[in-house]
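Listed here are the chains, written in short residue letters.
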Amino acid sequence: MDVEWFKARKRELKLTDADLAPAFGVERSVANKIANGKVLLNARRADAVAKLLKTSRDEVLYRFGISTEEPQRQ
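Small disclaimer: the values here were computed from a predicted structure and weren't measured. (Residues numbered from 1 in each chain as written. Predicted model: local features only at pLDDT ≥ 70, side-chain atom pairs only at ≥ 80, totals over all residues. Heavy atoms only, no water.)

**Brief notes about the packing of helix α2 (residues 17-24) against helix α4 (residues 46-53)**
As a reminder, the rule being used: Throughout, an axis means a line fitted to C-alpha atoms (over the contacting stretch in the case of helices), and angles, computed between N-to-C directions, take values from 0 to 180 degrees. Strands here mean DSSP runs of E at least two residues long; helices mean DSSP runs of H or I at least four residues long; both are numbered from the N terminus. Should any heavy atoms of two residues lie within 4.5 Å, those residues are considered in contact. Classification used: nonpolar for Ala, Val, Leu, Ile, Met, Phe, Trp, Tyr, Cys and Pro, charged for Asp, Glu, Lys and Arg, polar for all others including Gly.
Where α2 meets α4, the closest approach of the two axes is 8 Å, and the angle between their N-to-C directions is 145°. Between α2 and α4, the contacting residues are D19, L20, A23 and F24 on the first element and A48, V49, L52 and L53 on the second. Considered class by class, the residues forming the contact of α2 with α4 number 7 nonpolar, no polar and 1 charged.

Take a look at the structure:
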């Protein structure tokens, strides 16, 4: 997982782990573990996470290490 990218997106969008928890479909404490790369993101949540992070599903899958295919830049 690209933890630095994720933390930068959180800062840019002023998101907290409590904001992320519903998109991840987990409790806030588990959202914190996902944010720190200690727990893997469930790929089924990629769309909700992408929407919250204002990015593409492909970007989320790549940054979270679910996909090895780098997303196309627009």
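**A short note on the nonpolar core**
For clarity, the threshold we go by: Nonpolar cores were defined as sets of buried Ala, Val, Leu, Ile, Met, Phe, Trp, Tyr and Cys residues, with membership established by side-chain atoms within 4.5 Å. For every residue, the accessible area obtained with a 1.4 Å probe (protein chains only) is divided by the maximum for its type, and the residue is called buried under 20%, exposed over 50%, and partly exposed between those limits.
Residues F6, F24, V49, L53, V60 and F64 are the most contacted members of the largest nonpolar core, which totals 18 residues. Those elements that place two or more of their residues in this core are α1 (3-13), α2, α3 (28-35), α4 and α5 (57-63).

**What to know about α4**
Formally: The arc in question is traced by the directions running from the helix axis to the C-beta atoms.
Every buried residue of α4 is accounted for by A46, V49, A50 and L53. All buried residues of α4 lie within an arc of 100° about the axis, which places them on one face of the element. For α4, the elements touching its buried residues are α1, α2 and α5.

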